[in-house]
Amino acid sequence: MSGKSVAESGTMVGRWTEAEAKAWFTRQPWVMGCNFTPSNAINQLEMWQAATFDLEAIRAELALAADVGMNAVRVYLHDLLWAEDPDGFLGRIDAMLAVAEGFGIRVMLVLFDSCWHPDPALGPQPAPKPGVHNSGWVQSPGVPALRDRSQRPRLEGYVKGIVGRFRKDRRVLAWDIWNEPDNGPDVSLCDAGELEAKADLVLPLLVDAFSWARSMRPVQPLTSGIWLGDWSSPERLTPLQQAQTGLSDVVSFHNYGTAEDFARRIDWLGVFDRPMWCTEFMARPAGSTFEAILPVARARNVGAFCWGLVRGKTQTHLPWAAWENPNLAGLKDKWFHDIFDVGGVPYDDTEVEFLRLLRALEDKAPHWPLIEIPVAKDAPGSGDDEAKAA
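Definitions and limits used
Residues numbered from 1 in each chain as written. Predicted model: local features only at pLDDT ≥ 70, side-chain atom pairs only at ≥ 80, totals over all residues. Heavy atoms only, no water. Helix = DSSP H or I, 4+ residues; strand = E, 2+ residues; numbered from the N terminus. Contact = heavy atoms within 4.5 Å. Disulfide = S-S within 2.5 Å. Axes fitted to C-alpha atoms, helices over the stretch in contact; angles between N-to-C directions. Parallel < 35°, antiparallel > 145°, perpendicular 65-115°, else oblique. Left-handed = near helix turned anticlockwise from the far one by under 90°. Salt bridge = Lys/Arg side-chain N within 4 Å of Asp/Glu carboxyl O. Buried < 20%, exposed > 50% of the residue type's maximum accessible area, 1.4 Å probe, protein only. Pairing = 2+ DSSP bridges. Core = buried A, V, L, I, M, F, W, Y, C linked by side-chain atoms within 4.5 Å. Nonpolar A, V, L, I, M, F, W, Y, C, P; charged D, E, K, R; others polar.

Next up on the list: the environment of Val-207. With respect to the secondary-structure elements, Val-207 resides in helix 9 (residues 192-215). Sequence separation between Val-207 and Gln-244 is 37 residues; the distance between their C-alpha atoms is 8.4 Å. Not counting residues within four places of it along the chain, the set of residues in contact with Val-207 comprises Ala-243 and Leu-247.

Here the structure, examined in full by the defined rule, presents 0 disulfides. Cysteine Cys-34 is unpaired, with the sulfur of Cys-306 as its nearest cysteine sulfur at 5.2 Å.

A few words on the packing of helix 4 (residues 55-67) against helix 6 (residues 86-102). Interaxial distance between helix 4 and helix 6 falls to 10 Å at its minimum, and their mutual angle equals 25 degrees. Between helix 4 and helix 6, the crossing angle belongs to the class labelled roughly parallel. The handedness of the crossing between helix 4 and helix 6 is right-handed. Residues Leu-55, Ile-58, Arg-59 and Leu-62 of helix 4 lie in contact with helix 6, whose contacting residues are Ala-95, Met-96, Val-99 and Ala-100.

So, about the pattern of salt bridges. Within the structure shown, the criterion is met by 20 salt bridges. The salt bridge involving Asp-94 is made with Arg-165; its shortest N-O contact spans 3.4 Å. A residue pair is termed long-range when its members are at least 10 positions apart, and Asp-94 in helix 6 and Arg-165 in helix 8 (residues 152-166) qualify at 71 residues. Judged by relative accessible area, which is 26%, Asp-94 ranks as partly exposed. A salt bridge links Lys-160 to Glu-156; its shortest N-O distance comes to 2.6 Å. Taken together, the residues span about one helical turn, with Lys-160 and Glu-156 both in helix 8 at a distance of 4 residues.

Pro-141 follows Ser-140 through a cis peptide bond whose omega is -10 degrees. In this fold, Pro-141 is placed in the loop between strand 3 (106-113) and helix 7 (143-147). Although it is not a glycine, Glu-180 sits at a positive phi angle of roughly 40 degrees. Within the fold, Glu-180 resides in the loop between strand 4 (172-179) and helix 9. Of note in the backbone geometry, Asn-301 takes a positive phi value of approximately 55 degrees without being a glycine. Along the chain, Asn-301 falls in the loop between helix 12 (290-299) and strand 8 (303-307).

With respect to burial, strand 8 is a largely interior element, 5 of its 5 residues being buried. Here strand 8 shows two buried faces, one formed by Gly-303, Phe-305 and Trp-307 and the other by Ala-304 and Cys-306. With 4 bridges joining them, strand 1 (residues 32-35) and strand 8 adopt parallel strand pairing. Residue Met-32 lies in a different strand from strand 8, and its bridge partner there is Ala-304. Judged from the 3 bridges that link them, strand 7 (residues 276-281) and strand 8 form a sheet pairing that is parallel. Residue pairing across strands places Trp-277 opposite Gly-303, the latter belonging to strand 8.

A sheet is described by the order of its strands in space; here 8 strands give the open sequence 5-4-3-2-1-8-7-6, paired in parallel fashion. Two strands close off the open sheet at either side, each with one partner strand: strand 5 (222-223) and strand 6 (251-254). The strands touched by helix 11 (residues 259-269) within the sheet are strand 6 and strand 7, with strand 6 carrying the most contacts at an inclination of about 150 degrees.

Below, the discussion takes up the nonpolar core. Residues Phe-36, Trp-48, Leu-111, Ile-162, Trp-175, Phe-253 and Leu-294 are the most contacted members of the largest nonpolar core, which totals 88 residues. By residue number, the principal contributor to this core is helix 9, which donates 8 residues. Once residues lying within four places of it in the same chain are set aside, the contact partners of Ile-162 are Leu-77, Trp-82, Phe-89, Leu-90, Ile-93, Leu-111 and Trp-175. Ranked by size, the runner-up nonpolar core spans 12 residues in total, among them Ala-21, Trp-24, Met-108 and Leu-173.

Topologically, Trp-212 is positioned in helix 9. Accessibility expressed as a relative area gives 10% for Trp-212, which makes it buried. Here Trp-212 is in contact with Arg-152, Leu-155, Glu-156, Val-159, Lys-160 and Leu-205, once residues within four sequence places are set aside.

Between helix 12 and helix 13 (residues 349-364), whose axes approach to 11 Å, the crossing angle comes to 15 degrees. What the angle tells us is that helix 12 and helix 13 run roughly parallel. Our pair here, helix 12 against helix 13, has a crossing hand that is right-handed. Residues Phe-290, Glu-291, Leu-294, Pro-295 and Arg-298 of helix 12 pack against Glu-351, Phe-354, Leu-355, Leu-358 and Glu-362 of helix 13. When grouped by side-chain class, the residues that make up the contact of helix 12 with helix 13 number 6 nonpolar, no polar and 4 charged.

Here it is, written out as structure tokens:
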């Protein structure tokens, strides 16, 4: 084994033990990154399709991420891209990983996603709807494929093909098997019944997808982040959330609340005794800012990925509520997500300087002392849930 752990050697098939996950995590630098879609792509398909794949735009924007000290990005793939042209898709992923590596950035690849439009299609993607947050984002797989069991072999081939190709690639930080699997066809309009029905449909495929990925023996950990509800005890988790946390090597979560709520979520997930990533945060008007969240994340040794980098066709600088009520009059509040405007101009110079300072401090003193973050006993529920319902 040449001194390598079981995880590093890629010989294991089952979930990593708590000790193996902690040992792997300890050897990694603290992760500070973003969810990345280039500004000229409205969704995953436009980012990756051969006709619209723009490596130079990716290079220019990842340079901005590196300049503010980011060392990781979370990037969404799509099953239809594999169905259309697996070799070409693999080549484009490889090219993007090479660019990221040149900036010292590792990539968390997201295989499936349950957010926004339920019926994706290859080919030219729609133009952004004026005033609407993420108007063109698409689910993977789409709802028709979720309901059609004959699609399982195709989806299995996608997972095994992608993970198998990059299973020992150090440029890949981790595999995020499914983003918000219990989300609904329209993020802000889902009711409880729709969410429950979607979760029941997704659960068997999510379990299978973890198994398919593990069968390829990747050296990188697997994860899937929870985001809804009260996680104060394992018994309060839904069956889908129990599967997500129970199958993840490194536990991950999303949070768009205050620093106090963020810290409380970390405390709740501590029961699993595993390393953690927050794979989505940062909603300025809701109190989820870099200055509020990142010091807590670093003190607790929780990796953190904000949403967005450069304002573009996804229009995620607009709030979620703009899906129902297009923001046609112009943004009067702070940007919701994103860090840079077109041309690499910072939305907030102070914010960018804070990120650079945080990375400089990390480079000089990579082992910060832990700090206690007070949490009010009567603090309200998840800022994530409240903001998305707003």
